[in-house]
Each structure stands twice: as C-alpha cells, then as structure tokens.
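# Architecture and fold: a report
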Amino acid sequence: MLEVWKERCQAQGVRVMEGDRLPGLNEYGFALGRDNAGLYPIGDFERRGEITLFPPKTLNAVEMERMLAAALGLARMWDGIGFLTLRFVKQTDGSDFALLSVEEEKTREADVLLELRGLTDWGNAFAAEGNTPPFLQELTRSGALVNGVLTAGTTLPEVLSQLPEEVLPPEWANG
C-alpha cells in the first residue's frame, strides 16, 4: 500500500493490514466517486471466496457504520478526482477491522454497483471535468459476482438461491 495511504490511516486512527492475510478474515469494500463538488458513496460489498455480494451479508449496522465512517474519512483526505475503492478486512468473530487496499480507479465492484443502480451510462462521470453526476438513488437490487458473472435480484436470499451451491460458503447455502 502506498505510504501516503498508511499516513492517512494513521491520521484517521484506522489500522492497516500488514503481513500475510490470515484465515477467518472477511473482506468488505466501499466504492466512492469524487468530483470537484464532493464525495459520493456508490455502494458497499463483501467478498468471500469466489463470491462478491452487493450489499454485504454479514455486517451488522454498527460495523457497517464504523467501516463507512473510516472509508469516508480516508476518502476526504484523497485529493484525486474519479473513483476510489477501499477494501477492509474484519475478523469473523469480532469487530476490529483494518484497511487492506485502496484502488484509485474505477473497479469492477464500482461498475457492478452502478449497474445495480441502473446507471450503466454513468461510466466515467467522476473522471471528466465538468460532468454532473446524477442523483444516486437508494440501492434497490442485490447482486452476486462469481467468476466475472453478475447475478442480480431483489433480495440477497433470492440472489444466493440462484448460485451453484458449491461456490457458497456453508453458512450462506440456506439464504
């Protein structure tokens, strides 16, 4: 991770994941967009094995608030324009989390979140000077990305029921 992001984490009181990633850590991410007018949370996701879920399945409201606050705090320190994706890891049996990585470009997760919002033509709205991003309405669809293929539906249980059982963690197999 770039040294500048480590410094930003230190300033915000956010831990940074260093060393090898141990088993028992779940990955959560936040995609954001930034232009000259402000910062826009595009959405959040959870990655577990081969599956990336939109929105996360295993975060409770308090954990979500804490991670989103950390993501927004770090993003406000970024001086770039465009898309930013911050990934965190969290213990499965605790609430401690640490920043895993930062991508200062449009990621596949950001693309999926825009698609689930019906904003596929929004493409590079944050990257071009003078573009006016559209209103980000509430995320009303859920999705799962497996091997680059998006499965979408109204609810996460509906989406999970459409996936092959062999890609699901055992605790997700029943919705």
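We now turn to the structure provided with this report. (Residues numbered from 1 in each chain as written. Predicted model: local features only at pLDDT ≥ 70, side-chain atom pairs only at ≥ 80, totals over all residues. Heavy atoms only, no water.)

Grouped together as the largest cluster of nonpolar side chains are 21 residues, with contacts concentrated most on L86, F88 and L99. Counting only elements with at least two residues in this core, the list comes to α1 (3–12), β2 (25–34), α2 (61–76), β5 (82–91) and β6 (97–103). For this core, the element with the most residues is α2, which contributes seven residues. Of all hydrophobic cores here, the second largest spans 13 residues; its members include I42, F54, V112 and L139. (Core = buried A, V, L, I, M, F, W, Y, C linked by side-chain atoms within 4.5 Å. Buried < 20%, exposed > 50% of the residue type's maximum accessible area, 1.4 Å probe, protein only. Helix = DSSP H or I, 4+ residues; strand = E, 2+ residues; numbered from the N terminus.)

On to the sheet that holds strand β8 (residues 149–153). An order of β1-β6-β5-β2-β3-β4-β7-β8 is seen for the eight strands of this open sheet, with the pairing classed as mixed. In this open sheet, the two edge strands, each paired with only one partner strand, are β1 (15–16) and β8. Both β5 and β6 contribute to a ladder of six bridges, which runs antiparallel. Along β6, the bridge assignment pairs L86 with V102. In this fold α2 packs onto β2, β3 (39–48), β5 and β6, with an angle of close to 45 degrees to the strand it touches most, β2. (Pairing = 2+ DSSP bridges. Contact = heavy atoms within 4.5 Å. Axes fitted to C-alpha atoms, helices over the stretch in contact; angles between N-to-C directions.)

Okay, the pairing of β3 next. Two strands pair when backbone bridges link them, and β2 and β3 are joined in this way by eight bridges, in the antiparallel orientation. Note on β3: the bridge partner recorded for F30 is D44. In textbook terms, the turn of a hairpin is the stretch between consecutive antiparallel strands, and for β2 and β3 this stretch comprises four residues. Looking at chain direction, β3 and strand β4 (residues 51–54) are connected through three bridges and run antiparallel. What sits directly across from E46, in β4, is L53. With antiparallel pairing between neighbouring strands as the criterion, β3 and β4 make up a hairpin whose turn holds two residues, including G49 at a positive phi of roughly 65 degrees.

All right, on to unusual backbone geometry then. Across residues other than glycine, the phi torsion is negative in most instances, and most of the peptide bonds are trans. A cis amide bond links F54 to the next residue, P55, at an omega of -5 degrees. When you line up the elements, P55 lands in the loop between β4 and α2. Even without being glycine, N147 reaches a positive phi, approximately 50 degrees. Take N147: it is sitting in the loop between β7 (142–146) and β8. N147 gets classed as exposed once you look at its relative accessible area, which sits at 64%.

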